[in-house]
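The lines below spell out each chain.
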Amino acid sequence: MINSAPKLSDKEYEENFKELTPPFTKNGAVAEANRCLYCYDSPCKTACPTHIDIPGFIKKIATGNLKGSAKTILESNWIALTCAKACPVEDLCEGACVYNDKDEKPIEIGRLQRYAIDNYFASGMPKLFNSKDKNGKSVGIIGSGPAGLACGAELALLGYDVQIYEGSKIPGGLSTWGIAPYKVRQEDSLKEVELVKSLGVKIKTGIRIGESISIDELLTTYDAVFIGIGLGESSKLNIPGENLEGIVGALSFIENVKKEKWNSVNVGKRVAIIGAGNTAIDAATEAKRLGAEKVNIIYRRSEDEMPANKFEFRLAKDDGIIFHFLTSPTEFFGNHKVEKINCIKMRLGEKDKSGRRKPVAIKNSEFFIETDMVIFALGQQANLDFLNSIPDLKISNGCVIIDEKTYQTNNPKVFAGGDCINGGKETVNAAYDGKQAAHGIDNYLSNKK
Ligand SMILES: Cc1cc2nc3c(=O)[nH]c(=O)nc-3n(C[C@H](O)[C@H](O)[C@H](O)COP(=O)(O)OP(=O)(O)OC[C@H]3O[C@@H](n4cnc5c(N)ncnc54)[C@H](O)[C@@H]3O)c2cc1C
């Protein structure tokens, strides 16, 4: 057993994991909606990867038409609740709001979107869309994350029979298992799953394609197949001591936290996170909220190259996370369980292929960081074994290659979207891909150009 942080009371866990952004009250939402300038060129709409008619849905909130507002949002984005709560809005819609140029607070677009969608779910998901008549064709979807759900929803409206296969027991992908609980709770993600099911999409859980059912069987059963499998666990560094007890991948740690029995999640008193992307920040802040006394983030480049966005960095700083920039682990030490990390200081050298300056070790600069737990957050890996088993699929740098307009892969019957084609972006990108791929599939199966 690792040297664990003391357990907190249920009240303390609830407080630590409470939502970062509380919902609007009715008056608050209407007042905020009335602040919107309804710009003619809507830079917010352009900045949203799913191009929601943002001024349109905000106007409907201002006039009390909440059902219409939800319809405007869902017409563009089926994963609207997760996106409302977890999108990096500072870099997208809210970052493009014209109020920023006037040094005024941008419209709280994410929070308003949440207000409309919360209301839609609370009012029992009234029917908003009419599906086309059944066309007798069927599509099999692998994965029930945002990409698979969005693709399924759109295809169902277009008249297809849709069957989603999900390897996990609970559907929803990383909205259910990955995104931090202080942003999106499992129950939010499951509401989106219910919405997609209400359109006629069938979901079988606990079925991993390639294990329970072969990809060949899927390809003969369905007229087309969509791959929305996301990515797998974080990679490791291949340095000595990596198999010591207390060294885990970020995704498995985060998945445990999402199960929401916080007092049963084992977290070290002192935790070290390797990597500095958004997943690293999530693992760090979640460890801290579980009661870890000291959380260190170790990153081999400098703050400027750190992949985490500004919002996440601020969140980690506010949580008291300690950052060790220009530092790289070289070996883990301990008696069965990890006790300390040998680290070396780095400097930035010449640019590498990615255009970033390459970190170079500084001689005789080694030092130890004492720790009870290490979490690897070095970026997720593609499931190459599975992808390589799909006939004619082209893969480059761990990403499935698709036609950018149609989302069709090199195998004409197979389409793909989400993290497995972009190497890991945001929910909103997966939601967009899934929807666009549905239209690519429709064009292919109805022989439209
Ligand atoms: C820790 C973490 C935090 C994040 N936080 C945010 C955030 O705050 N905001 C944000 O916008 N984005 C966030 N993201 C990114 C976002 O979650 C992803 O971009 C998005 O979920 C990708 O959707 P997807 O459908 O492509 O894949 P996933 O959500 O990964 O879904 C893929 C699904 O396919 C299933 N599957 C895989 N293989 C098979 C198989 N062979 N057979 C059947 N099923 C299979 C998986 O079980 C999974 O359910 C985060 C990601 C991580 C890892």
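All of these numbers come straight from a predicted model, not from anything done at the bench.

K.L.:
Explain the overall build of the protein to me, and be specific about the residues and the numbers.
P.N.:
Across its full length, the protein carries 18 helices and 16 strands. In summary, the protein has a C-alpha radius of gyration of 23 Å against a globular reference of 22 Å for 449 residues, a match within 12%. Expressed along its principal axes, the backbone C-alpha trace of the protein runs to roughly 70 × 55 × 45 Å. When burial is assessed residue by residue, the protein has 46% of its 449 residues classed as buried. Summarising the internal contacts of the protein: among those between residues at least 6 apart in sequence, 71% fall at separations of at least 24.

K.L.:
Give a description of the environment of Gly 417 that names residues and reports values.
P.N.:
In this fold, Gly 417 is placed in the loop between strand S16 (414–416) and helix H17 (419–422). With 52 residues separating them along the chain, Gly 417 and Ser 365 place their C-alpha atoms 44 Å apart. When near neighbours in sequence (up to four residues on either side) are disregarded, Gly 417 contacts Ala 147, Cys 151, Gly 228, Tyr 407, Ala 430, Asp 433, Gly 434 and Ala 437.

K.L.:
Could you give an account of the nonpolar core, naming the residues involved and the relevant values?
P.N.:
A general trend in soluble globular proteins is that nonpolar side chains are found buried together. Ala 116, Phe 226 and Ala 416 are the most contacted members of the largest nonpolar core, which totals 85 residues. Two domains share this core, each providing at least three of its residues, namely domain 1 (21–122) and domain 2 (138–232 + 381–445). Beyond its immediate chain neighbours, meaning those up to four positions away, Phe 226 contacts Val 139, Ile 141, Gly 148, Cys 151, Phe 415, Ala 416, Ala 437 and Ile 441. Ranked by size, the runner-up nonpolar core spans 41 residues in total, among them Ala 5, Ile 247, Ile 297 and Met 306.

K.L.:
Can you explain the site of the ligand? Please cite residues and give values.
P.N.:
Taken together, the neighbourhood of the ligand is formed by 37 residues, with Gly 143, Gly 145, Gly 173, Gly 230 and Gly 418 sitting nearest. For the shell around the ligand, the secondary-structure elements that each account for two or more residues are helix H9 (146–157), strand S2 (161–166), helix H10 (174–177), helix H14 (278–289) and helix H18 (427–445). Partitioned by chemical class, the residues of the shell around the ligand number 14 nonpolar, 16 polar and 7 charged. Counting only domains with at least three residues in the shell around the ligand, you end up with domain 2 (138–232 + 381–445) and domain 3 (247–376).

K.L.:
Can you lay out the sheet that holds strand S6 (residues 270–274) for me, pointing to particular residues and giving the numbers?
P.N.:
For sheets, the rule is that strands pair by backbone hydrogen bonds, running either parallel or antiparallel. Taken together, 5 strands build an open sheet; the order of strands is S5-S13-S6-S7-S8 and the sheet is parallel. The strands lining the two open edges of the sheet, one partner per strand, are strand S5 (247–249) and strand S8 (322–324). Between one strand axis and the next, the sheet turns by 25 degrees as a mean value, whatever way the strands run. Pairing analysis gives 4 bridges linking S6 to strand S13 (residues 373–376), with the strands arranged parallel. In the strand pairing of S13, Ala 272 is matched with Val 374. Of the strands in this sheet, S5 and S13 are in contact with helix H13 (residues 250–258), which crosses S5 at around 80 degrees.

K.L.:
Which residues make up the packing of H14 against helix H15 (residues 310–318), and what values do they have?
P.N.:
Orientation of H14 relative to H15, taken along the N-to-C sense of each, is 25 degrees, at an axis distance of 10 Å. In terms of orientation, H14 and H15 fall into the roughly parallel class. Here H14 runs over H15; the crossing is left-handed. Contact residues: Asn 278, Ile 281, Ala 284 and Thr 285 in H14; Glu 312, Phe 313, Leu 315 and Ala 316 in H15. Each residue belonging to the contact of H14 with H15 can be placed in one class, and the counts come to 5 nonpolar, 2 polar and 1 charged.

K.L.:
Which residues make up the sheet that holds S16, and what are the values?
P.N.:
The strand order S3-S2-S1-S4-S16 describes an open sheet built from 5 strands, whose pairing is parallel. Across the chains shown, the open sheet's two edge strands, defined by having one partner strand only, are strand S3 (202–205) and S16. Ignoring strand direction, the axes of neighbouring strands in this sheet form an average angle of 20 degrees. Sheet topology places strand S4 (residues 224–227) next to S16; 3 bridges connect them, and they run parallel. Residue Ile 227 lies in a different strand from S16, and its bridge partner there is Ala 416. Its contacts with the sheet place H18 against strand S1 (138–142), S4 and S16, and it is angled at close to 165 degrees to S4.

K.L.:
Give me H14: which residues, what numbers.
P.N.:
For H14, with 12 residues, the first-to-last C-alpha span of 16 Å sits near the 16 Å given by 1.5 Å per residue. Taken together, the buried positions of H14 are Asn 278, Thr 279, Ala 280, Ile 281, Asp 282, Ala 283, Ala 284, Thr 285, Glu 286, Ala 287, Lys 288 and Arg 289. Once H14 ends, the next one or two residues include Gly 291, with phi positive near 115 degrees.

K.L.:
Residue-level account of the domain arrangement of the protein, with values.
P.N.:
Note on interface size: it is often stated as the accessible area lost on association of the parts. What the domain assignment lists for the protein is domain 1 (21–122), domain 2 (138–232 + 381–445) and domain 3 (247–376). Measuring from the centre of the C-alpha atoms in domain 2 to the corresponding centre in domain 3 gives 31 Å. Facing the 6 residues of domain 2 at the interface are 9 residues of domain 3. In the side of domain 2 that touches domain 3, the residues fall into 3 nonpolar, 3 polar and no charged.

Definitions and cut-offs
Residues numbered from 1 in each chain as written. Predicted model: local features only at pLDDT ≥ 70, side-chain atom pairs only at ≥ 80, totals over all residues. Helix = DSSP H or I, 4+ residues; strand = E, 2+ residues; numbered from the N terminus. Rg over C-alpha atoms; globule rule 2.2 N^0.38 Å. Buried ≥ 20, exposed ≤ 12 C-beta atoms within 10 Å, placed from the backbone. Contact = placed C-beta atoms within 7 Å. Core = buried A, V, L, I, M, F, W, Y, C linked by C-beta atoms within 7 Å. Domains from an automatic or database assignment. Near = placed C-beta within 6 Å. Nonpolar A, V, L, I, M, F, W, Y, C, P; charged D, E, K, R; others polar. Pairing = 2+ DSSP bridges. Axes fitted to C-alpha atoms, helices over the stretch in contact; angles between N-to-C directions. Parallel < 35°, antiparallel > 145°, perpendicular 65-115°, else oblique. Left-handed = near helix turned anticlockwise from the far one by under 90°. Expected span 1.5 Å × (residues − 1).

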